[in-house]
Amino acid sequence: MQSISPETIFRGKDAWLGALPEIKKLTQRPLLLGRSLSTVNLRNNILRDLKNQNLNVDTATLQFDCCNEDISRVKNLILKNKHDSIIAVGGGKVLDSGKYIADCLNIPCITVPLSASTCAGWTALSNIYTKNGQFIKDVTLRSCPKVLVYDHKFIQTAPSRTLASGIADALAKWYESSITSSEVNDGLVQQAIQISRVLRDQLLIDGEKAFMGEVENNPSWSNTIEACGLTAGLIGGIGGERCRTAAAHAIHNAITQIITPNKFLHGEIVGVGILLQLRLEKMKNNNKLADQSIKQLLEIMRKLNLPTTIAELGINVFENQNLNKIAEFSCRENSDIHFLPFEITKQDMVDVISNFEQQKIRV
Ligand SMILES: [Zn+2]
C-alpha cells in the first residue's frame, strides 16, 4: 500500500479560512499542537478561529523535538480528554509529531505548516529524535495527513532562514533519487525522479529571487514555497521510500548525533549532506559530473546563506572523536546510505569528510 498525498489540500493566501468548514466536518474535539514561542500569536489566532466554529478545542505544546517523551505525553492527553483529531501547526518536528501520534491513535491529522522548511506537511513519514535532537529512526505511517492547509500568509511570517533550509531539503530529492532509483523498473518511480529534476531546476532559477526578494506579489516566492512544501512531498508520495533518501539524509542523521549548543535546521544539515554525497559519488562511482554539481550547489547555497561544511554547522570533526562518530552512524546497518548503488565503508566516510573539511579550512 502506498499513500501518495493528503486527502484534501488547501493552498494559497486564504487557505486556512477556506479549510475551516472542512475541518468542522471532520472533528468536534481537536487538539491543537504547536511548539515554538515565536509562533504563539499565530497559533492563538488559529485557536480563536476554531472556537468560532464552535469546536471544543484544546492546545498542547511540544517541549522538545519529535521525541518519545513528548509523544507519549501528548498521546495520554488525547486519550484522557477524548480528542478526535490533531491539528499540527508549526515546522517539521511539530508536523511529524502530530502525524505520528494521530497514526498511533487512529484519528485524523490536519497539518498546517508555518514555514517552507520541509515537506513534512504532506508525507506519510515521521522522523523520531531524542529529546536532544539526535535522529533515531524514520517511521512510515499508514497514510498522509487527512487535510493539508498550506496558507501562504502563515508561511510569509516565517524567518527567511527556514525558506533556505526548505530549498536545500527539496534540492536533495534530485541528488538522492537519481542515484538510488534510476535503474528501478517502475514508471511512477521514474516519473518521480523527473519531477525532482524539474524541481531542482526551478529552485536554481527561483530560489535566490524568493529568498532575497519581496514576499508579496512575487511569483518566485510562491513557486518556491510550494516547491519545497508540496512538490517535494509529492515526489516522496509517488516515488516511495527509495526515492526519498540516500547519503545526504544518512549524513544528516549522523551529524545530528553530535550535540551542539546552536541547533541547525533539518535542510541546513541535509545541504551539507548533498555536498558530501557528491564527493562520495566522485570517489567511489567515478561520477565525472560531481565537481560540476558541487560548484553549482555551492553557488546557490552561499547566496542563500546556507552552511557548506560541517564546521559551519558548529562541529569540529577533528575533536572528540566526532569524525568517527559521524562515519560510524552514517554507515550503520539499515542506514539509507546503503541505498547507493556502490559500497560505502566507514573508512570511505572518514576519508571523504576529513578531506572535505580540511579543504574548506584552507579556503
Ligand atoms: Zn529531508
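Residues numbered from 1 in each chain as written. Predicted model: local features only at pLDDT ≥ 70, side-chain atom pairs only at ≥ 80, totals over all residues. Heavy atoms only, no water.

(A) Representation of the pattern of salt bridges in the model. In total, this model carries 21 salt bridges according to the counting rule given. In this structure, the salt-bridge partner of Arg200 is Asp201, at a minimum N-O distance of 3.0 Å. Looking at Asp201, the relative accessible area reads 28%, which means it is partly exposed. Between Lys303 and Glu208 there is a salt bridge; the shortest N-O distance is 3.6 Å. (Salt bridge = Lys/Arg side-chain N within 4 Å of Asp/Glu carboxyl O. Buried < 20%, exposed > 50% of the residue type's maximum accessible area, 1.4 Å probe, protein only.)

(B) Representation of the coordination of the zinc ion in the model. Here the zinc ion is held by the protein donor atoms Asp169 (OD), Asp169 (OD), His249 (NE2) and His266 (NE2), which lie 2.1 to 2.8 Å from it. In this structure, the zinc ion is coordinated by 4 donor atoms arranged in irregular fashion, with angles at the metal of 51 to 145°. Here the donor residues of the zinc ion are spaced in sequence according to D-x79-H-x16-H. Of this pair, Asp169 sits in helix α6 (residues 160-181) while His249 sits in helix α10 (residues 247-255); the two residues are 80 residues apart in sequence, bridging distant segments of the chain. Of the two residues examined, Asp169 and His249, each falls in the buried class. (Donors = N, O, S within 2.8 Å, 3.2 Å for Na, K, Ca; no water. Tetrahedral: all angles 85-135°; square planar, octahedral: opposite > 155°, others 65-115°. Helix = DSSP H or I, 4+ residues; strand = E, 2+ residues; numbered from the N terminus.)

(C) A look at the sheet that holds strand β2 (residues 30-34). Read across the sheet, 6 strands follow the order β1-β8-β5-β4-β2-β3 without closing on themselves; strand pairing throughout is parallel. This sheet does not close on itself; its edge strands, each paired only once, are β1 (8-12) and β3 (58-61). Between one strand axis and the next, the sheet turns through 15° on average, direction left out of account. Along the sheet, helix α1 (residues 15-26) makes contact with β1, β4 (85-90), β5 (109-113) and β8 (147-151), crossing β8 at roughly 160°. Contacts from helix α8 (residues 219-239) reach β1 and β8, with the element oriented near 165° to β8. (Pairing = 2+ DSSP bridges. Axes fitted to C-alpha atoms, helices over the stretch in contact; angles between N-to-C directions. Contact = heavy atoms within 4.5 Å.)

(D) A look at the side chain of Asp70. Inspection of the secondary structure puts Asp70 in helix α3 (residues 68-81). Not counting chain neighbours up to four residues away, the residues in contact with Asp70 comprise Leu62, Gln63, Phe64 and Asp65.

(E) Representation of the nonpolar core in the model. The biggest cluster of nonpolar side chains holds 99 residues, and the ones touching the most others in it are Ile274, Leu297, Ile310 and Met349. Sorting elements by how many residues they give to this core places α6 first, with 10 residues. Sequence-distant contacts of Ile310, defined by excluding residues within four places in its chain, comprise Ile255, Val272, Leu276, Ile315, Val317, Ile326, Ile353 and Glu357. Core analysis: the second largest hydrophobic core is formed by 21 residues, Leu20, Ile23, Ile87 and Val112 among them. (Core = buried A, V, L, I, M, F, W, Y, C linked by side-chain atoms within 4.5 Å.)

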